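Descriptive analysis of the structure
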Amino acid sequence: VAVGNLRVNPILHHTVEKTVCPGTGFSTNYFWSCLDQVVTELRPELERCLAKRDELQVRIDSWYEEGKKRGADLSQPEFRPACREFLKEIGYLCEDKGPVNVTTQFVDDEIARVPAPQLVVPSDNARYVLNAVNARWGSLYDALYGFDVIPAYAVTSSGVEVNASKGGGYNPMRGEAVIDFANGFLDEIAPLTGGKWSQVCRVWPKYVGTVQRLQLLLEDGSTTSLRTPSLFVGSQGNLGPPDAGPNTKKLSTSTTPCVPDQGRIFLKHNGLYLILEIDRSHPIGKAALSGIKDITAESALTAILDMEDSVSAVDAEDKCRIYSNICGIFSGTLEAPFLKDGKAMTRRMHPDVWYRDDKGNTCTIPGRALALVRNVGHHMFTDMVLTADGKQVPEGFVDCLVTTAAALQDLRGTGRLMNSREGSVYIVKPKQHGPEEVALTSRLFGRAEEFFGLRRNTIKMGIMDEERRTSANLRECLRQASERVFFINTGFLDRTGDEIHTCMLAGPVVRKADMKKQNWIQSYEAGNVDVGLHCGLQGKAQIGKGMWAKPDSMKDMLDGKISELMAGASTAWVPSPAAATLHSLHYHHVNVPERQMQLAMRPAAKIELLLEPPLVAQKLTDEEIAHELKENAQSILGYVVRWIDLGIGCSKVPDLSNVGLMEDRATLRISSQLMANWLHHGVVSEMQVRETFHEMAKLVDQQNAREPNYIPMSTNPEQSPAFQAALKLVLEGKKAPNGYTEYTLHEFRKRIKGDITLRAKM
């Protein structure tokens, strides 16, 4: 479709006309004229930024090659000063311009003031998107019961070991273990002046003067209260006092009023709500001494609706499905039909939660996570829109304008539900390399604000600290976005992929499992927090940490992910709503603002360590090499076959030991770059790589044998697009720009979709 100077794919044109623009006050033609202007103005700058990436990589490769020719061991500490001076000389390291003060305004509390889990969800699936935004509130009992936090054999509070396995139906012994866990948690964060939560048999709000306080009746007939009364913030429902005096010993009367208790008690701790769901008519509430049938925990306060690494979107059809879902969230109208027990049902966005506070006033809490949108990086171009000279336009420019236009209904209050109460739009921008690219993004956002008549800095920027040049210049990146940054975070996988690619010629890198022990990543994780705190992000923006990759291993997550809060994070990524609920417990155990104040006093991480390449110090054994090859080849194949053949951008992929791992393109980047590095340095031969891929293809086929529409690779690898794509990612990984996998994935996925379309026409 010709629109002014642009040629637009008909599917995209229809989506913008029928879904994006209605309700915004702007016409479709105006939208396309805005895109035309921003492409004309900013595309030259974007192309200069991309050219600089390539130029710097060439110079770094040459420096490493020259060093190796001189016989230098680049892994030794004495080369750090020389490396730093060289990177300064070529403009990789920017000039230090002094302190930065972030001044972002109109940031929602979910980001600025309340530390909490963050969900990341592929935005091409409406049901997943709804699950994510509805994951602000989660059942603690369900999360505990459904995962391995409660072992198959558990010891109850009375010291008795019981069979707490999940089994087929409901196991009361497992249910009792869940209640014991929850009571222990309440004892920690909301202790009583006397007794334990396991001894509570009645809970109700009681006026003390003009303010309500929480009263609790214990099984011995005595009453108690919260040690910190202010934790109780309100209630809802019928929760009257006992029908006997506080000193009664007759529990049959004191705990059984004429009308069974049914209501909600609202507690607030470290900024997060906990709702005690009391219902003595419910089977669980009836069996529980306290009448509490569940605890609803405020969980994922923010959710990133991802257009990037977790989706497989290669054309207008794919992309418009994403755009439609984003529009549905901002307008509050997104729905997803599904079947449950043979019944047709529809999933919708949850309404807000209301209660009466301790003074009897009506209060509401958002019922949904604050939606953030991750656009694609600057390196992506799309044939959905072509300029007059036939060139593809930057896909991120289209993403930005669609996201902003979609958010107008929220900003103007014309949507059914509210997203940002502060009137902001939150866009996470990935794959930015250094301050110049952050400045480009800021200019793009500024033009979008002008086009749509928005207040300056309405569009906030999330900076993914996942590229080496950004990590090394993070403070200068924040300077370029000091009035609109709302988020910085670390991501082990993408950041490691860029580390390997940048240092590709320095020498063979360590195995994937050893990467987290390297100096560079310790400096990277600490440096991100240090820069964020020293630039004043506290109270204005999030400092984030990466994804928990094992969605079925919730006990390990509960044991280990608290370390990210101790490291200074105010949010961390989780793979599911249940994981968000369990991870939310960590934010009750750690007072994040206090921890950040402690960390702000430490010396800043040294950049010399950040720039130290993760090279092998000792020669690897043949067994270690063979295992690493298999592990990475299996991971690559397991992800690529679903991406290419099935169009699934993020999924649970079993590893060599059949442990399911959540994988997206970031996982693919690190695995393919590691194998490409070993191939370049002769650690492995091309024959070894090919043989390992053939062997692992058989295993991946077995692991996916029950997957509907799965096409085996091992029967004819030479004719399998997925197999050939996986192999290409390694064999040509050294020359892939920044080690990105998108180009190869898009090439082969488009080929598959073309074949499907051709067969449909025959």
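You'll find the structure just up there.
None of the values given here were measured: they were computed from a predicted structure. (Residues numbered from 1 in each chain as written. Predicted model: local features only at pLDDT ≥ 70, side-chain atom pairs only at ≥ 80, totals over all residues. Heavy atoms only, no water.)

**Regarding the state of the cysteines**
Tallied over the full model, the rule gives zero disulfides. Free of any disulfide, Cys49 has its nearest cysteine sulfur in Cys477, 11 Å distant. The closest cysteine sulfur to the non-disulfide-bonded Cys400 is located on Cys34, 11 Å from its own sulfur. (Disulfide = S-S within 2.5 Å.)

**Quick word on unusual backbone geometry**
If you check the backbone angles, Asp341 has positive phi at about 55 degrees while not being a glycine. Inspection of the secondary structure assignment puts Asp341 in the loop between strand 15 (335-340) and strand 16 (343-348). Positive phi is not limited to glycine here, since Asn738 has a value of about 60 degrees. In this fold, Asn738 is placed in the loop between helix 25 (721-731) and helix 26 (742-761). On the basis of relative accessibility, which here comes to 10%, the residue Asn738 falls in the buried class. (Helix = DSSP H or I, 4+ residues; strand = E, 2+ residues; numbered from the N terminus. Buried < 20%, exposed > 50% of the residue type's maximum accessible area, 1.4 Å probe, protein only.)

**A word on the sheet that holds strand 9 (residues 223-225)**
Through backbone hydrogen bonds, the strands of a sheet pair up, either in parallel or in antiparallel fashion. Reading across the sheet, the three strands line up as 7-8-9 and stay open at both edges, with antiparallel pairing between neighbours. Strands with a single pairing partner mark the edges of an open sheet, and in this sheet they are strand 7 (200-208) and strand 9. Put simply, the sheet's adjacent strands are angled 35 degrees from each other on average, direction ignored. The sheet contact formed by strand 7 and strand 8 (residues 211-218) spans eight bridges and is antiparallel. Within strand 8, the position partnered with Tyr207 by the bridge is Gln212. (Pairing = 2+ DSSP bridges. Axes fitted to C-alpha atoms, helices over the stretch in contact; angles between N-to-C directions.)

**Considering the environment of Lys735**
Relative to the assigned elements, Lys735 resides in the loop between helix 25 and helix 26. A relative accessible area of 64% places Lys735 in the exposed class. Sequence separation between Lys735 and Ala572 is 163 residues; the distance between their C-alpha atoms is 33 Å.

**A few points about the nonpolar core**
One finds Trp32, Leu35, Trp197 and Leu267 to be the most contacted residues of the largest nonpolar core, which totals 134 residues. Residue contributions to this core peak at ten residues, all from helix 2 (residues 28-69). Ignoring anything within four residues of it in the chain, the contact list for Leu35 reads Leu6, Val385, Phe397, Val398 and Leu401. Ala72, Leu668, Phe693 and Ala726 belong to the second largest nonpolar core, which has 65 residues in total. (Core = buried A, V, L, I, M, F, W, Y, C linked by side-chain atoms within 4.5 Å. Contact = heavy atoms within 4.5 Å.)

**What about empty space enclosed by the protein?**
In total, this model carries seven cavities of 30 Å³ or more according to the counting rule given. The computed volume of the largest cavity comes to approximately 90 Å³. In this structure, the largest cavity is lined by Arg53, Leu56, Gln57, Ile60, Tyr92, His433, Arg469, Asp498, Thr502 and Asn738. Of all elements in the fold, only helix 2 and helix 15 (492-502) reach the threshold of two or more residues within the lining of the largest cavity. The element best represented in the lining of the largest cavity is helix 2, accounting for four residues. Of the residues in the lining of the largest cavity, the class split is three nonpolar, four polar and three charged. (1 Å grid on protein atoms, 1.4 Å probe; cavity = no way out; pocket = protein on both sides within 12 Å on 5 of 7 lines; lining within 4 Å. Points joined across faces, edges and corners; volume = space filled by probe spheres on them. Nonpolar A, V, L, I, M, F, W, Y, C, P; charged D, E, K, R; others polar.)

**Some words on the packing of aromatic side chains**
One pass over the structure, following the stated rule, counts 13 aromatic pairs. Here Phe693 and Phe723 contribute two aromatic rings whose centre-to-centre distance is 6.3 Å and whose plane-to-plane angle is 85 degrees, an arrangement assigned as edge-to-face. Of this pair, Phe693 sits in helix 24 (residues 686-703) while Phe723 sits in helix 25; the two residues are 30 residues apart in sequence, bridging distant segments of the chain. Per residue, the accessibility class of Phe693 equals that of Phe723, and both read buried. What links up through ring pairs into an aromatic cluster is the set Trp137, Phe266, Tyr273 and Tyr355. Here Arg347 stacks its cationic end above the ring of Phe338, 4.3 Å away from the centre of that ring. (Phe/Tyr/Trp six-rings, centres within 6.5 Å; stacked < 30°, edge-to-face > 60°. Lys NZ or Arg CZ within 6 Å of the ring centre and 35° of its normal.)

**Details of the sheet that holds strand 13 (residues 292-298)**
The antiparallel open sheet is built from seven strands, whose spatial order is 4-13-12-11-10-17-18. In this open sheet, the two strands that pair with only one neighbour each are strand 4 (137-139) and strand 18 (362-365). Neighbour-to-neighbour, the strand axes of this sheet turn through a mean angle of 30 degrees, independent of strand direction. Here five bridges tie strand 12 (residues 272-279) to strand 13, and the two strands are oriented antiparallel to one another. The residue bridging Ile275 from the neighbouring strand is Thr296, located in strand 13. Where helix 7 (residues 172-189) meets the sheet, it contacts strand 11 (262-269), strand 12 and strand 13, and its direction lies at approximately 135 degrees from that of strand 12. Here helix 19 (residues 577-589) sits on the sheet in contact with strand 4, strand 11, strand 12 and strand 13, set at roughly 120 degrees to strand 12.

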